[in-house]
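Residue strings, one per chain:
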Amino acid sequence: MLEQLNLEVIQAMNIVTEIKEWLAIRSQLVNKTIGLVHTMGNLHAGHMSLCERSKSENEITVAVIFINPAQFNEIRDFDLYPRTLEQDKALLLSYKIDYLLLFDANLLYPDQYQVQVSETEISTIFEGEYRPGHFTGMMTIVLKFLNIVRPTHAYYGEKDYQQLLLIKKMAQTLFLTVEIIGCKTVRANDDVALSSRNSRLTPTQRKMAHHFPMLLQSSLSLQQMIEQLEALGFKVDYIAEKWQRRLGAVWLDEVRLIDNIPIQ
């Protein structure tokens, strides 16, 4: 059944693999509202909620799948990132996404990543401290796709809250005309924020993972949260409060989880 659906994807999905081809298409979409959903694939319900939001607010929705090597500060993490392209195509087709952009890294980095976009305040703390170079790689590729797609709206999840703030700041500072829209974090039944990296958790680790959002949402002090997480076997990078959010990043063995919740 999946193989049959994949065949339908190839026949029905508007898949674009060349930037020049997309630019020709884009020139025909004048006066259209265009929503961009920029992903690294291994799509789940969180990604699809962005697609649904875009489809409800725009005439055209463009999805991107590109695993960006520039935002991985460890080669091993890049190599282990889950790749499920055929399933992703089938899922996007089922949601009637208008265009899927699949560009090779050589097209997106013809300069071998010599030109980079960086920020000097928000990007230096939390994720920026523990993942050096990550935000520079992220902002560089986001700007490239915003320039290529030229959407009227672009949708990003609040799970990566620091990333969302940086994209909004970049768009405002560089006078981009796109509206950056943050969308609520989608969670599993056990309250764990949906993430592509969750697929790397063993069944035992997956059962353990629910303690992370549960403690973030508790009334404990930050230090008490850290102590309880460590007692449960998590390695804690940070638990902090900023931007009216409580944010955290933890490890379960080799799998890193991040999350945040609004502070009431």
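Residues numbered from 1 in each chain as written. Predicted model: local features only at pLDDT ≥ 70, side-chain atom pairs only at ≥ 80, totals over all residues. Heavy atoms only, no water.

1. Describing helix α12 (residues 222–232)
- Listed in full, the buried residues belonging to α12 are M225, I226 and L229. Summarising the axial view, the buried residues of α12 lie within an arc of 100°, below the 170-degree limit, and thus occupy one face.
- The inward-facing, buried residues of α12 contact α11 (211–216), β7 (235–242) and β8 (245–252).
- One or two residues past the end of α12 sits G233, with phi positive at roughly 110°. (Buried < 20%, exposed > 50% of the residue type's maximum accessible area, 1.4 Å probe, protein only. Helix = DSSP H or I, 4+ residues; strand = E, 2+ residues; numbered from the N terminus. Arc of directions from axis to C-beta. Contact = heavy atoms within 4.5 Å.)

2. Some words on the state of the cysteines
- Applying the stated criterion across every chain yields a total of zero disulfides.
- Left without a disulfide partner, C51 is nearest to the cysteine sulfur of C183, which lies 10 Å away.
- Under the relative-accessibility criterion, C51 is labelled buried at 2%.
- Overall, C183 belongs to the buried group, its relative accessible area being 6%. (Disulfide = S-S within 2.5 Å.)

3. Brief notes about the packing of aromatic side chains
- One pass over the structure, following the stated rule, counts nine aromatic pairs.
- Measuring from ring centre to ring centre gives 5.4 Å for W22 and Y99, while their planes differ by 75°; the resulting arrangement is edge-to-face. Separated by 77 residues along the polypeptide, W22 in helix α2 (residues 19–26) and Y99 in strand β4 (residues 99–101) bring together distant segments of the chain. Like W22, the residue Y99 is buried in the burial classification.
- Taken together, a centroid distance of 5.7 Å and an interplanar angle of 90° make the contact between F126 and W243 edge-to-face. One end of the pair, F126, is in the loop between α6 (105–108) and α7 (127–130); the other, W243, is in the loop between β7 and β8, with 117 residues separating them in the sequence.
- Members of the aromatic cluster, connected to one another through ring pairs, are F126, Y130, Y238 and W243. (Phe/Tyr/Trp six-rings, centres within 6.5 Å; stacked < 30°, edge-to-face > 60°.)

4. Describing the nonpolar core
- W22, V62, F103, L108, L146, Y156 and I180 are the most contacted members of the largest nonpolar core, which totals 45 residues.
- Core analysis: the second largest hydrophobic core is formed by 16 residues, V192, M225, L229 and V255 among them. (Core = buried A, V, L, I, M, F, W, Y, C linked by side-chain atoms within 4.5 Å.)

5. Points about the sheet that holds strand β1 (residues 14–16)
- If you trace the six strands from one edge of the open sheet to the other, you get β1-β4-β3-β2-β5-β6, paired in parallel fashion. Of all the strands in the sheet, the pair left with one neighbour each is β1 and β6 (179–183). Averaged over all pairs of adjacent strands, the angle between strand axes in this sheet comes to 25°, irrespective of strand direction.
- With six bridges joining them, strand β2 (residues 34–39) and strand β3 (residues 60–65) adopt parallel strand pairing. Across the sheet, residue I34 finds its bridge partner in β3, namely I60.
- In the packing of helix α3 (residues 45–57) onto the sheet, the strands contacted are β2, β3, β5 (153–157) and β6, and the crossing angle to β2 comes to about 170°. (Pairing = 2+ DSSP bridges. Axes fitted to C-alpha atoms, helices over the stretch in contact; angles between N-to-C directions.)

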